[in-house]
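Coordinates in review
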Amino acid sequence: MHHFNYQHGKMFCENVPLDKIAAEIGTPFYCYSNETLMRHYKVFDDAFADVDHLVCFAVKANSNLGLLRELVKAGAGCDIVSGGELFRALKAGCDPKKIVYAGVGKTEEEIEYALNSNVLMFNVESTQELFALDTVAGRLRKKAGVALRVNPDVDPMTHPYISTGLKKNKFGIAIEKALEEYKLAAGLKNIEVIGIHQHIGSQITQVTPFVDAVEKLLAFVDQLNEAGIKIKYIDIGGGLGIPYKDESPPAPVELAKEIVPMLKKHNCTIVFEPGRLIVGNAGVLVTKVLYTKRTEAKGFYIVDAGMNDLVRPTLYQAHQAIQPVLEEVSKRSKSEVDVVGPICETGDFLAKDRILPEFKKGDLMAVMSAGAYGFTMSSNYNSRRRAAEVLVKGDRYHVVRDRETWDDLVRGERFAE
Ligand SMILES: *Cc1c(COP(=O)(O)O)cnc(C)c1O
């Protein structure tokens, strides 16, 4: 469900035609629909109304301040994985008591920043991190709220690069070792054990992996209770997928139907960390066809956005649907083509061997479902300026991030002479 639809022969985001934005700010740009964003947040939040819960948006999916601000105003907390994301979450006005901090490699500087900001809890991923946290908290005369990130060894059945809850992954503490670790944590002076955390992967399109993981986690919480370790927060992570092509991932209510009865039995606050689900289909990348060419082997549409703007196709073999901004283009004859960017890499494509209608030089394309892990993974490779970001609200659009300038590209650099 999203708010990118054809009206009067053009693709609109809510009530704004995408070609109008392109004419005014140039291409490429990311365009987000605030209404889609709000709808997804509410659908998720409502699905779990029957349990005491907190929805912490995974900032790494889309960390634009303008967008974070809207989610925070709607009541969302933030799931962060770095000091930089903490900075953004606070700038967006997020209540620190709604911030959870995960990640295998938190530095002492980041830990200090998060302690001084009074975040709700640290999702700790190793013994050494636990000791580091205890030390820094002691130095600051603070108590660190801690959840241990447990690795339940469940296959989320998604792309290997976005699986995180398997034994072979770098994340979390093996569930068999976790009791020992909890006892250790409970004995540390500057640590307050308050929760448990897991996150098994991303773009998960079935309910079963969640059910299996939650089952394992809750059995372990019982074990903790028996050992006298009291848990207040059960954080089950994010990872619910979205339809990019022909997947039909469960809706939040369907997931809720399975796991809420299980979670209800424990008198805890349930923390969720959805990222992709909230923002994935709330954004498109608008790019312009610069040139078209046909080699003996195939046809190419060369567009002004590349893998530096949207890396998912080349990084995860991800499918991003492509639609013309002008509806009439879709009536032209179709052929198999690659949609490629201007970057000097063979991996620089947005779509490969795709049946598309004939786009001509100057036509605009909307790369659909680009709201999550799109801009946040973009780079300056080939010294390309990162794209502008636009947030549409009704019949107005707001440039929530300017396109970078040439000067932005060399900021902080200097000659060595
Ligand atoms: C990436 C991540 C998420 C969000 O995953 P989505 O698939 O975008 O929902 C949540 N929690 C943690 C710890 C993560 O690393």
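What counts, and at which threshold
Residues numbered from 1 in each chain as written. Predicted model: local features only at pLDDT ≥ 70, side-chain atom pairs only at ≥ 80, totals over all residues. Heavy atoms only, no water. Domains from an automatic or database assignment. Contact = heavy atoms within 4.5 Å. Buried area = accessible area lost by both parts, 1.4 Å probe. Salt bridge = Lys/Arg side-chain N within 4 Å of Asp/Glu carboxyl O. Polar contact = N/O pair within 3.5 Å; in protein donor to acceptor, adjacent residues only side chain to side chain. Helix = DSSP H or I, 4+ residues; strand = E, 2+ residues; numbered from the N terminus. Pairing = 2+ DSSP bridges. Axes fitted to C-alpha atoms, helices over the stretch in contact; angles between N-to-C directions. Parallel < 35°, antiparallel > 145°, perpendicular 65-115°, else oblique. Left-handed = near helix turned anticlockwise from the far one by under 90°. Nonpolar A, V, L, I, M, F, W, Y, C, P; charged D, E, K, R; others polar. Near = heavy atom within 4 Å. Areas by Shrake-Rupley, 256 points an atom, 1.4 Å probe, with all protein chains shown as cover. 1 Å grid on protein atoms, 1.4 Å probe; cavity = no way out; pocket = protein on both sides within 12 Å on 5 of 7 lines; lining within 4 Å. Sits in = over half its atoms within 2 Å of the grid points.

What about the domain arrangement of the protein?
Looking at the protein, the domain boundaries give domain 1 (4–32 + 280–410) and domain 2 (34–278). Spacing between the C-alpha centres of domain 1 and domain 2 amounts to 32 Å. Of the residues lining the interface, 23 residues belong to domain 1; the matching set on domain 2 comes to 25 residues. Between domain 1 and domain 2 lies a buried interface of about 2100 Å² when both sides are counted; carbon and sulfur atoms form 54% of it. Summed over the three residues of domain 1 that lose the most area to domain 2, namely Asn 281, Tyr 316 and Tyr 373, the buried surface amounts to 27% of that side. Put simply, domain 1 and domain 2 have 1 salt bridge between them. When the shortest N-O distance is used, the salt bridge between Glu 70 and Lys 393 registers 2.9 Å. Counting the contacts that link domain 1 with domain 2 gives 13 residue pairs in polar contact (both at pLDDT 80 or more). Of all elements in the fold, only helix 11 (312–316), strand 20 (388–393) and strand 21 (396–401) reach the threshold of two or more residues within the side of domain 1 that touches domain 2.

What about the environment of Gly 371?
Assignment of secondary structure puts Gly 371 in the loop between strand 19 (364–367) and strand 20. Taking the C-alpha atoms as reference points, Gly 371 and Ile 278, separated by 93 residues in sequence, lie 8.9 Å from one another. In this structure, Gly 371 is in contact with Tyr 32, Ala 61, Asn 62, Val 279, Gly 280 and Gly 283, ignoring residues within four places of it in sequence.

Regarding unusual backbone geometry
Going from Thr 27 to Pro 28, the amide bond is cis rather than trans, its omega being -5°. Along the chain, Pro 28 falls in the loop between helix 1 (18–25) and strand 4 (29–33). Unlike most non-glycine residues, Gln 203 shows phi in positive territory, near 50°. The phi dihedral of Ser 369 is positive, around 50°, even though this residue is not glycine.

Digging into the sheet that holds strand 2 (residues 10–13)
The 3 strands are arranged 1-2-3 in an open sheet whose pairing can be described as antiparallel. Each of the sheet's edge strands pairs with one partner strand only, and the pair in question is strand 1 (4–7) and strand 3 (16–17).

Regarding the packing of helix 5 (residues 108–116) against helix 6 (residues 127–139)
Contact geometry of helix 5 with helix 6 gives a least axis separation of 10 Å together with a crossing angle of 55°. The pairing of helix 5 with helix 6 is recorded here as oblique in orientation. Crossing of helix 5 against helix 6: the hand is right-handed. Contacts between helix 5 and helix 6 pair Glu 108, Ile 111, Glu 112 and Leu 115 from the former with Ala 132, Leu 133, Val 136, Ala 137 and Arg 139 from the latter. The class makeup of the residues in the contact of helix 5 with helix 6 is 6 nonpolar, no polar and 3 charged.

A closer look at the site of the ligand
As a structural note, the neighbourhood of the ligand is formed by 15 residues, with Lys 60, Ser 202, Glu 273, Arg 276 and Tyr 373 the closest of them. Side-chain polar atom of Asp 79 to a nitrogen atom of the ligand: 3.0 Å apart, as the coordinates give it. Within the backbone of Gly 275, a nitrogen or oxygen atom sits 2.9 Å from an oxygen atom of the ligand. Contact with the protein chains removes 95% of the 390 Å² of surface that the ligand exposes when unbound. Under a 2 Å grid-point criterion requiring more than half of the atoms, the pocket assigned to the ligand is the largest pocket. Here the residues of the shell around the ligand sort into 4 nonpolar, 6 polar and 5 charged.

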